[in-house]
Protein chains: 2
Amino acid sequence: MLAVAGDSAAGKTTLTRGLAQTLGTDRCVVFSADDYQRFDRTERTGTALTPVHPDSNYLSILEQHLQLLATGQPVLKPVYDHTTGLRTRPELVEPNDFVIVHGVLPLHSKLARACFDVSVYLDPAEDIRRCWKLRRDTVERGYTDEQVRESLAAAESASVSVIRPQRAEADIVVRFAGIDGRDDPPGTPLSAEVLLRNTIAQPDLAQILQPTLTRTAHLRMTRDTDGRPVDSLHIHGYAPAEENAAAELLIWRALGEPDTEVPMCLGNTGTGIRSTPLAITQMLLRYHMMRGSR
Amino acid sequence: MLAVAGDSAAGKTTLTRGLAQTLGTDRCVVFSADDYQRFDRTERTGTALTPVHPDSNYLSILEQHLQLLATGQPVLKPVYDHTTGLRTRPELVEPNDFVIVHGVLPLHSKLARACFDVSVYLDPAEDIRRCWKLRRDTVERGYTDEQVRESLAAAESASVSVIRPQRAEADIVVRFAGIDGRDDPPGTPLSAEVLLRNTIAQPDLAQILQPTLTRTAHLRMTRDTDGRPVDSLHIHGYAPAEENAAAELLIWRALGEPDTEVPMCLGNTGTGIRSTPLAITQMLLRYHMMRGSR
């Protein structure tokens, strides 16, 4: 069972979509941890509560349901309609070979964290996340620019106090960002820095990555926020397409698929741009889920 | 945790109300097992499913929730609005000192049965139940006589196949009925026959009941449906009020309350008639719940 944690519009849905496709959607349950709302939107009006606030969520029930899913049992999951702001009838979720739990708070409590085989925190550069949120909420959800900016401002306090601290709790942290000082043409995929913590058995990328591919990806030993040594995988979106494809294939095959090609569902950003950093991140998560499920 | 099982209008709510009041409503959770509907009413239209049909219910989730409650954990219980026929948003149920689960199918499965400290099946004479259902559904729920009769006819098959078999699974079976051959005036409370199975440690009523009170209550050894010996407590609604009051007080004090009077909430039929058979049944269940909770 995988946790995909991150702030609003951090890329959880995009990452999850391709990952579920490569695992096989018929073997995969995708589960929103943001549905455990305690109140309808109108019930929160006039209070200081935002949907992200822990007191706005049935967090102990979320923990219970994660435990049940992790032990192969079905749950009757509450449903929150983020469009209408209403809680509606619950839905049956039956476990499957792979369970992907995405949300803003799946790693909030120790009990919840203990349910996951692997966890990832999406930590895009803040200007990137704001840009993604603005585009999604105006184009797909019908909000005005002004409304999205207000929503971001209103959510900032909870982001700082309860969402971002989960960064320290994940096995893998992915930061999508541009690279300072480069002047790439529009449409160049973002680069990513993938922190691979030793809280789980990470694949031996030092053995896998070859010197000829350093323009696409290279591994660097660095110090984590808490001072401990950690591997940081840098994946460059701007590298030439053929080098990216070669690096993807090398990693794909080294991570357990020696005889197949890289599936096209990986690296799909949903904007028509294919992203090698996204694809390789998905490969790493797929690797852990395949191991965790065996 | 107590199960109160029985067909529609078998008296579950009436029995439960007084019982919860005497246990203390602040220490008691009353829980409907009929809320685990899989479909809205319109979704069942045109199918052979009735709300009582096991396939119409999330029975495995009901089992899971009973197990959680029995082990002191909260659940997010689904809610079915029996008036509109719609499933609505779930509600948090937190365990308490006493949990009373009432419904048509709480004893359907072995796993569910294993969760209860004590279980009662309400098995009123069928003409009595039809009379109760007709009164309740026309007066309180706004149906016509004809609609209630149709509803009874439609439910008969599931009653026979899935509800009534639970009679064999309960620790206590209560049958409210008139007594053949008597010509009591209108308003005379019904009598009750209470089968006390040895599946749990029943109180020693042979020691408690005194010969002077036999007009109100007497114990008779009989054979259960499966041929085994069982105690059957007969409680007569028609006995004189002062004898009934004396019998109630005797049993109340013998079952663990030597220093208090019989609470007025016991025996309240909700129709203005006080029923000693109902009161004594509630005392017996209270006795088991007090023991089970210690």
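One structure accompanies this document, and this report is about it. Just so you know, these numbers come straight off a predicted model, no measurement behind them. (Residues numbered from 1 in each chain as written. Chains lettered and ligands numbered in written order. Predicted model: local features only at pLDDT ≥ 70, side-chain atom pairs only at ≥ 80, totals over all residues. Heavy atoms only, no water.)

### Considering the interface of chain A and chain B
Listed as interface residues are 18 residues of chain A and, on the opposing side, 18 residues of chain B. Of the roughly 1600 Å² buried at the junction of chain A and chain B (both faces included), carbon and sulfur atoms supply 57%. Per-residue buried area on chain A facing chain B is highest for Gln 64, Leu 76 and Arg 89 of chain A; these three make up 37% of the total on that side. At the surface where chain A touches chain B, the tally comes to 4 salt bridges. The closest approach of N and O atoms between Asp 40 of chain B and Arg 89 of chain A, which form a salt bridge, is 2.3 Å. (Contact = heavy atoms within 4.5 Å. Buried area = accessible area lost by both parts, 1.4 Å probe. Salt bridge = Lys/Arg side-chain N within 4 Å of Asp/Glu carboxyl O.)

### Describing the packing of helix α1 (residues 12–23) of chain A against helix α9 (residues 276–292) of chain A
When two helices pack together, their arrangement is captured by the angle between the axes and the distance separating the axes. Residues and elements named next belong to chain A. As a packed pair, α1 and α9 sit with axes 10 Å apart at the nearest point and diverge in direction by 55°. Compared by their axis directions, α1 and α9 come out oblique. The interaxial crossing formed by α1 with α9 has right-handed handedness. On the side of α1, the interface is formed by Thr 14, Leu 15, Gly 18, Leu 19, Thr 22 and Leu 23, while α9 contributes Leu 278, Thr 281, Gln 282, Leu 285, Arg 286, Met 289 and Met 290. Its residues assigned to classes, the contact of α1 with α9 comprises 7 nonpolar, 5 polar and 1 charged. (Axes fitted to C-alpha atoms, helices over the stretch in contact; angles between N-to-C directions. Helix = DSSP H or I, 4+ residues; strand = E, 2+ residues; numbered from the N terminus. Parallel < 35°, antiparallel > 145°, perpendicular 65-115°, else oblique. Left-handed = near helix turned anticlockwise from the far one by under 90°. Nonpolar A, V, L, I, M, F, W, Y, C, P; charged D, E, K, R; others polar.)

### Some words on the side chain of Ser 275 of chain A
Take Ser 275 of chain A: it is sitting in the loop between α8 (241–254) and α9. Apart from the residues within four sequence positions on either side, Ser 275 of chain A is in contact with Phe 176, Pro 189, Gly 267 and Thr 269 of chain A.

### Quick notes on α8 of chain A
When the terminal C-alpha atoms of α8 of chain A are compared, their 20 Å separation across 14 residues agrees well with the 20 Å that a helix rising 1.5 Å per residue should span. Looking one or two residues past α8 of chain A, Gly 256 of chain A carries a phi angle of roughly 125°, positive in sign. (Expected span 1.5 Å × (residues − 1).)

### Concerning the sheet that holds strand β6 (residues 118–122) of chain B
Residues and elements named next belong to chain B. The sheet built from 8 strands is open, its strands ordered β2-β5-β1-β6-β7-β8-β10-β9 with mixed pairing. The two strands at the open ends of the sheet, each matched to only one other strand, are β2 (28–32) and β9 (217–223). The average undirected angle you get between the axes of adjacent strands in this sheet is 20°. One ladder, built from 6 bridges, connects strand β7 (residues 172–177) with strand β8 (residues 191–196); its direction is antiparallel. Paired with Ile 172 across the strands is Leu 196, a residue of β8. (Pairing = 2+ DSSP bridges.)

### Quick notes on the relation of the copies chain A and chain B
What relates the pair of chain copies is a rotation about an axis plus a shift along that axis. Overlaying chain A on chain B yields an RMSD of 0.0 Å, the required transformation being a rotation through 180° with an accompanying axial translation of 0.0 Å. Here the copies are linked by what is in effect a two-fold axis. Looking at the rotation axis and the C-alpha trace of chain A, the residue lying nearest is Arg 89 of chain A, at 2.4 Å. (Least-squares fit on C-alpha atoms with pLDDT ≥ 70 in both.)

### Points about the pattern of salt bridges
Between side chains of opposite charge, a pair can form as their charged atoms come close. Residues and elements named next belong to chain A. In the structure shown here, the tally under the stated rule is 50 salt bridges over all chains. Among the ionic pairs, Arg 164 bridges to Glu 156, the shortest N-O distance being 3.2 Å. Given a relative accessible area of 29%, Arg 164 falls into the partly exposed group. With a relative accessible area of 26%, Glu 156 lands in the partly exposed category. (Buried < 20%, exposed > 50% of the residue type's maximum accessible area, 1.4 Å probe, protein only.)

### Re helix α5 (residues 126–139) of chain A
Residue and element names in this part refer to chain A. End to end, α5 covers 20 Å across 14 residues, agreeing with the expected 20 Å (1.5 Å per residue, within 8%). Of all the positions in α5, only Ile 128, Arg 129, Lys 133, Arg 136 and Asp 137 are classed as buried. Angular distribution of buried residues about the axis of α5 spans 145°; they occupy a single face of the element. Among the exposed residues of α5, those pointing more than 90 degrees away from its buried face are Asp 127 and Val 139. Contacts from the buried residues of α5 go to α6 (145–163) and β7 (172–177). (Arc of directions from axis to C-beta.)

### What about the sheet that holds strand β2 (residues 28–32) of chain A?
Residue and element names in this part refer to chain A. Spatially, β2-β5-β1-β6-β7-β8-β10-β9 is the arrangement adopted by the 8 strands of the open sheet, whose pairing is mixed. Where the open sheet ends on each side, the last strands, each with one partner, are β2 and β9 (217–223). Here the strands of the sheet are splayed against their neighbours by 20° on average, with no regard to which way each runs. The sheet strands contacting α9 are β1 (2–6), β5 (98–103), β6 (118–122), β7, β8 (191–196) and β10 (229–235), and the helix crosses β10 at an angle near 135°.

### Re the pairing of β9 of chain B
Residue and element names in this part refer to chain B. Of the strand pairs in this sheet, β9 and strand β10 (residues 229–235) are connected by 7 bridges, and their pairing is antiparallel. Each residue of the ladder has a partner; that of His 218, found in β10, is His 234. Joining the antiparallel neighbours β9 and β10 is a turn of 5 residues, in which Gly 227 adopts a positive phi near 90°.

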